[in-house]
Amino acid sequence: MLARQSVVRALGRRRISTELEGRRSVRVLGLETSCDDTAAAIVTGDGRILAETNVHQHKVHEVHGGIVPLLAADRHLQKIPQVVRETLEKAEMRMEDVDAVAVTRGPGLPASLVVGLAAGKTLAAVHAKPLIGVHHMEAHALMARMGAEQKVRFPYLCLLISGGHTLSLVVHDVNHHSLIGQTRDESVGVAFDRVAREMGLPWIDAQVGGGAGAALEQIAREGNAERFPMPMPMNQSTTARDPGFSFSGIMSHVARMREQRAFDHTCRQDQADLAAAFQQTAAKHLQKKTALALARAEDVLNTRVTCLVASGGVASNQAVRQSLNTLADRHRLPLICPPPRLCTDNGVMIAWAGIERLRRGLLDPYDIDFIQRWPLDQLKQTPNAPRESSL
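Notes on the structure in this doc start here. All values derive from a computational prediction rather than experimental measurement.

1. A short note on the pairing of strand 7 (residues 166-173)
By the criterion of burial, strand 7 is predominantly enclosed, with 7 of the 8 residues buried. Both strand 6 (residues 156-161) and strand 7 contribute to a ladder of 6 bridges, which runs antiparallel. Counted as the bridge partner of Tyr 156 is Val 171 from strand 7. Linking strand 6 back to strand 7 in an antiparallel pair, the connection comprises 4 residues. Where strand 7 meets strand 8 (residues 176-182), 6 bridges bridge the pair, whose relative direction is antiparallel. The residue of strand 8 that forms the bridge with Leu 167 is Gln 182. Where strand 7 folds back on strand 8, the antiparallel hairpin that results is connected by 2 residues, among which Asn 175 adopts a positive phi of roughly 75°.

Below is the structure:
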């Protein structure tokens, strides 16, 4: 009986995806609440954004020096009905006009994930729409393909750099990824934020690209990167050929500089010079390790990638992009980055990942749960089935 039910479910998924695959106007509602952004968007199969809404929480968390999970979840609960309603109104649509619902399933903050997942499952179930549980980092990895599938062809190397992750991987296809390198400690986004706090920089309150890291990038434009020498991470003989990343050392270095009063955190020129020095070192570290990832993709995975994709919030940093562009030119590969506003967390990337998975029949039942820790290279082994609740 169970085997028969599995076959029926599989045939149903195949039928739904086949019916929708030929419709370039397929419309998917995407919901994102993995951290502190409450976001929704409606995207079409040919990559058009019909509507999007993103409510940030910078002012809520700045006074605490970082994201407070329970505060974030509480704001999601307050805002998600309004965000969904506003997105539908902008698109001049009702839920009946939506073809499927995609929602972030993980990884992320458990309390935040629960809010978005509950909303997505309820909308899909009540309106009898297919449900797609999306891996947050796969959504970032696929974002560059939206409306450009012929330009960003599989397989490609993707550098995912954000506040939650720093890793390089080969994207063989939707649902199929090979991890090459990842951070040993903190993410590059956390490093940007932590160093900005050590320097006493106020957060940028902006609907797109705000926060502590954006404040550091902004003031670094005024600075001299050579004034404050920085140690290059993982530059010893035992780690120089490792494609992984590390940012704890450079963060500790800046913290010691403040303790020793090597810079004045109230002096704007000191702030600018230190920001420029840190940003330059971080960009060079990312470039060096991505070069090793490109070599490993070809030598170990026997994969010739078609392009280099950089995605995630830190991919909106222009110094990082310039460094990666130099690397891509050296390897005669195009560097593809989503527009800066689509590098940070947003509903568009969730909707687009939902479209990519919908086309392949990768649908989920209405009782799926969140997954707090979810290695991207294990995505292919994750069953599209419910699991015991984590709450």
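2. Notes on helix 6 (residues 188-198)
For helix 6, the set of buried residues is Val 188, Gly 189, Ala 191, Phe 192, Val 195 and Ala 196. For helix 6, the angular spread of buried residues about the axis comes to 160°, placing them on one side. The elements touched by buried residues of helix 6 are strand 6, strand 7, helix 7 (212-220), helix 8 (248-259) and helix 9 (268-299). The first or second residue beyond helix 6 is Gly 200, which carries a positive phi of 75°.

3. Thoughts on the packing of helix 7 against helix 9
Running from amino to carboxyl end, helix 7 crosses helix 9 at an angle of 105°, the nearest separation of the two axes being 8 Å. Of the possible angle classes, the one that applies to helix 7 and helix 9 is roughly perpendicular. Of the residues in helix 9, those touching helix 7 at Leu 216, Glu 217, Ile 219 and Ala 220 are Arg 268, Gln 271, Ala 272, Ala 275, Ala 276, Phe 278 and Gln 279.

4. A look at the nonpolar core
In this structure, Leu 157, Ile 161, Met 199, Leu 216, Phe 247, Leu 274 and Phe 278 are the most contacted members of the largest nonpolar core, which totals 53 residues. Secondary-structure elements contributing two or more residues to this core are strand 6, helix 6, helix 7, helix 8, helix 9, strand 9 (308-311) and helix 10 (318-330). No other element matches helix 9, which puts 12 residues into this core. Among all residues touching Leu 216, those that are not within four sequence positions of it are Phe 192, Val 195, Ala 196, Met 199, Leu 201, Ala 275, Phe 278 and Gln 279. Listed in part, the 41 residues of the second largest apolar core include Ala 41, Ala 100, Val 152 and Tyr 156.

5. Structural notes on the pattern of salt bridges
Under the counting rule described, the total for this entry stands at 19 salt bridges. Residue Glu 138 is joined to Arg 357 by a salt bridge in which the shortest nitrogen-to-oxygen separation is 2.9 Å. Taken together, the positions of Glu 138 in helix 5 (residues 136-142) and Arg 357 in helix 11 (residues 347-359) put the pair 219 residues apart, joining distant regions of the chain. Considered together, Glu 138 and Arg 357 belong to a single accessibility category, that of buried residues. For Arg 268, the salt bridge goes to Glu 222, with nearest N and O atoms at 2.7 Å. Here the residue Arg 268 occupies a position in helix 9, and Glu 222 occupies one in the loop between helix 7 and helix 8, the gap between them amounting to 46 residues. A relative accessible area of 47% places Arg 268 in the partly exposed class.

6. As for the packing of aromatic side chains
By the definition in use, this model includes 2 aromatic pairs. Here the aromatic rings of Phe 154 and Tyr 156 are separated by 5.7 Å at their centres, their planes lie at 15°, and the arrangement is stacked. Residue Tyr 156 is classed as buried on the basis of its relative accessible area of 0%. Between Phe 192 and Phe 278, the aromatic rings sit 5.0 Å apart at their centres with planes inclined by 75°, giving edge-to-face as the arrangement. Separated by 86 residues along the polypeptide, Phe 192 in helix 6 and Phe 278 in helix 9 bring together distant segments of the chain. Across the pair, Phe 278 and Phe 192 agree in class, each one buried.

7. Topic: the sheet that holds strand 3 (residues 49-55)
Ordered by their spatial adjacency, 5 strands build an open sheet running 3-2-1-4-5, and the pairing between neighbours is mixed. The open sheet terminates on both sides in strands that have one partner only, identified here as strand 3 and strand 5 (131-135). Each strand axis lies, on average, 20° off the axis of its neighbour in the sheet, ignoring direction. For strand 1 (residues 27-32) and strand 2 (residues 38-44), the ladder comprises 6 bridges, and the chain directions are antiparallel. Residue pairing across strands places Leu 31 opposite Ala 40, the latter belonging to strand 2.

8. Examining the sheet that holds strand 6
With mixed pairing, 5 strands are arranged side by side in an open sheet as 8-7-6-9-10. Here the strands that pair on one side only, and so sit at the sheet edges, are strand 8 and strand 10 (335-336). As judged from the 4 bridges shared by strand 6 and strand 9, these two strands associate in the parallel manner. Each bridged residue has a counterpart across the sheet, and for Cys 158 the counterpart in strand 9 is Val 309. Set on the sheet, helix 9 makes contact with strand 6, strand 7, strand 8 and strand 9; between it and strand 6 the angle comes to about 150°.

9. A closer look at the environment of Ala 282
With respect to the helices and strands, the residue Ala 282 is situated in helix 9. Overall, Ala 282 belongs to the buried group, its relative accessible area being 2%. Counting along the chain gives 50 residues from Ala 282 to Met 232, while the straight-line C-alpha distance between them is 8.2 Å. When neighbours within four sequence positions are excluded, Ala 282 is seen to be in contact with Phe 192 and Phe 247.

Reading guide: rules and limits
Residue positions are counted from 1 within each chain, in the order its sequence is given. Reporting of local features is limited, given that this is a predicted model, to residues whose pLDDT is at least 70; pairs of side-chain atoms are given and counted only at 80 or more, and all residues count toward the totals for whole chains, interfaces and linings. Hydrogens and water are ignored here; the side-chain numbers use all heavy atoms of the structure. For every residue, the accessible area (1.4 Å probe, protein chains only) is compared with the maximum for its type, and the residue is labelled buried under 20%, exposed over 50%, or partly exposed between those bounds. Secondary structure follows DSSP: runs of H or I at least 4 residues long count as helices, runs of E at least 2 residues long count as strands, and numbering of each begins at the N terminus. Two strands pair if DSSP finds at least two bridges between them. This arc is built from the directions going out from the helix axis to the C-beta atoms. Contacts between residues were defined by any pair of non-hydrogen atoms, one from each residue, lying within 4.5 Å. Whenever a helix is involved, its axis is fitted only over the stretch in contact; in every case the axis is a line through C-alpha atoms, and angles between N-to-C directions fall within 0 to 180 degrees. If an angle is under 35 degrees, it is roughly parallel; if it is over 145, roughly antiparallel; if it lies from 65 to 115, roughly perpendicular; otherwise it is oblique. Definition of nonpolar core: a set of buried residues of the types Ala, Val, Leu, Ile, Met, Phe, Trp, Tyr and Cys, connected through side-chain atoms within 4.5 Å. One side-chain nitrogen of Lys or Arg within 4 Å of one carboxyl oxygen of Asp or Glu is enough to make a salt bridge. Note on ring pairs: Phe, Tyr and Trp rings are taken, using the six-membered ring of Trp, and paired if centres are within 6.5 Å. Classes follow the plane angle, with under 30 degrees stacked, over 60 edge-to-face and the rest tilted.

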